[in-house]
Amino acid sequence: MIRTLRNPAVALGALCCTLFATGTALAQQDKGKAVYDKVCVACHSAGIAGAPRLGDAKAWAPRIKTGIDTLYGSALKGKAPAMPAKGGATDLPDADIKAAVDYMVAAAKDGGSGAAATAPAAAAPAAAAAAATKPRPAALSFNRLLKPASKRNPPPPEDGIHDPQNDGTHALQPPLQVFESLPRSNAGNRVDWVKALDNNLIAPRWDRTDPAAAPVVMDLNIVREVKGSMPDVVYPHKQHTAWLDCSNCHPQIFIPQKGANQISMAAILLGQKCGVCHGKVAFPVSECRICHSKKKNVMPVKNAQAN
Amino acid sequence: MTGSASLRAALAVPLLAIALTVGLSAESRAEYADVVLNRNAEKEGMRPVVFPHWFHRIRFRCKVCHAELGFKMRAGSNLVTMGDIIDGRFCGACHNGQIAWAPENCDLCHSGKPGLPPGIFGGHETNGPGIW
């Protein structure tokens, strides 16, 4: 220590070398993780088709024994029964694939010990934070029944209906992965599906087999005057026929004849009429003004003054 | 005999409580319009099926399944069996290894928590029988 201090140039050089070496090693690790997250994760997180899982020391040990070059070879050229060459991402350079292999091998070697080593480090600041702000009982939390943004659209293993013990659950697509790129709304999936379709952000098929088939969209608004003080309802055929076939609604749910359909919010809440879809899969009834959107003719001024 | 019956009853109460908690907590967090199919699955020794509407509506319009494939628009009104699927009906019209992955990936569909009742999950606001 003293010696290096005597020669600052040497010390600086040594420091730079160390930093550079650590930097490249970290960059390599990040690259490996990035490739893993993009490509390998499809099988190696859930262990699909016999793929050794990330961090599963037991499954990786015999493979690591065969040597890193054998592992590189399997990853680059593929391996029976299910591993495709480069995990299917043949456009990636060899170095990226090797980095991903290194990343997975390192994770397997870490296994339990890596997780155990990081746990106390992570626990320390958490404990400090907990001491600073003592957790309040859930009953006192603000907006108790309103889900915070972090609890919306959870990935399948955390959503409460998928079984996290099931391997397949971990292979399912998390909703947020897709929803982040779609226009948001305030209810339902919190996705504005109509806007997503209008803006060509999604391209759902109209035909089971033919990707080019397009719907015959019918642009016809039906205005339904409502009795109360709510604005009148404008029903747009356009947005509905972009998703649905006429036979989905006519004639069983709605008789295609003016004045033949009695619709009430009570019926909708019971799952009839609009409520067959709205409130279950289409936007729910809490979004009043999407349907009740046509301002009523204002009362004559004379009457308004009389009141 | 009575002993075993009371034992069964004693076991049934906590099990029921667990089932209720699972059911209630599930409703609050599941993705909007997720459907659980469990009329046959658990009887046959498989996990319940979870059908995610959101995933499918990104890829297909409603009409494909609800007009062409004959899925009625009410949860619980479609009795789908693996026989149907393998013969190319219902899910099997696409899940045949050509349009979507084939039915041998059991655990991708049969991924629900054991004990879930069939029905629509995920914060739906309308209820009841409907006409479908």
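A. Up close: the overall build of chain B. Within chain B, the secondary structure is distributed over 5 helices and 3 strands. Across the 132 residues of chain B, 37% fall into the buried class. Taking contacts inside chain B between residues at least 6 apart in sequence as the whole, the part at least 24 apart equals 59%.

B. Representation of the confidence of the model for chain A. Residues and elements named next belong to chain A. Summary statistics for chain A give a mean pLDDT of 80 and a share of 80% for residues scoring 70 or more. Confidence over residues 8–22 falls short of pLDDT 50; this stretch has 1 contact with residues more than four positions distant or in other chains. Here residues 114–122 is a poorly scored stretch, pLDDT under 50, and it has 0 contacts once near neighbours within four places are set aside; other chains count.

C. Main features of the sheet that holds strand S1 (residues 221–224) of chain A. Residues and elements named next belong to chain A. The 3 strands are arranged S1-S2-S3 in an open sheet whose pairing can be described as antiparallel. Unpaired on one side and paired on the other, S1 and strand S3 (292–294) mark the two borders of the sheet. This sheet shows a mean twist of 55 degrees between the axes of neighbouring strands, independent of strand direction. With 4 bridges connecting them, S1 and strand S2 (residues 232–236) associate as antiparallel partners. Bridging across to S2, Arg224 finds its partner in Val233.

D. Inspection of the sheet that holds strand S1 (residues 34–37) of chain B at higher detail. All names here are of chain B. The antiparallel open sheet is built from 3 strands, whose spatial order is S2-S1-S3. A single partner strand is all that each edge strand has here, and the edge strands are strand S2 (49–52) and strand S3 (119–120). For S1 and S3, the ladder comprises 2 bridges, and the chain directions are antiparallel. Residue pairing across strands places Val36 opposite Gly119, the latter belonging to S3.

E. Molecular detail of unusual backbone geometry. A cis amide bond, omega 0 degrees, links A:His250 with the succeeding residue A:Pro251. With respect to the helices and strands, the residue A:Pro251 is situated in the loop between helix H9 (246–249) and helix H10 (265–269). For A:Lys273, which is not a glycine, the phi torsion comes out positive at approximately 50 degrees. As for its position among the elements, A:Lys273 is in the loop between H10 and helix H11 (288–291). A positive phi angle, near 50 degrees, is found at B:Phe90, a position not held by glycine.

F. Structural context of the nonpolar core. Counting residues in each nonpolar core, the largest one holds 23 residues, and the members touching the most others are A:Phe179, A:Leu182, A:Trp193 and A:Ile202. Among the elements of the structure, helix H6 (175–179) and helix H7 (193–198) of chain A together with helix H2 (53–59) of chain B are those that each provide at least two residues to this core. Here the element with the most residues in this core is H7(A); it accounts for 3 residues. Among all residues touching A:Trp193, those that are not within four sequence positions of it are A:Phe179, A:Leu182, A:Ile202, A:Trp243, B:Trp54, B:Arg57 and B:Ile58. Counting residues in each nonpolar core, the second largest holds 18 residues, with A:Cys40, A:Ala89, A:Leu92 and A:Ala100 among its members.

Rules used in this analysis
Residues numbered from 1 in each chain as written. Chains lettered and ligands numbered in written order. Predicted model: local features only at pLDDT ≥ 70, side-chain atom pairs only at ≥ 80, totals over all residues. Heavy atoms only, no water. Helix = DSSP H or I, 4+ residues; strand = E, 2+ residues; numbered from the N terminus. Buried < 20%, exposed > 50% of the residue type's maximum accessible area, 1.4 Å probe, protein only. Contact = heavy atoms within 4.5 Å. pLDDT = per-residue confidence, 0-100. Pairing = 2+ DSSP bridges. Axes fitted to C-alpha atoms, helices over the stretch in contact; angles between N-to-C directions. Core = buried A, V, L, I, M, F, W, Y, C linked by side-chain atoms within 4.5 Å.

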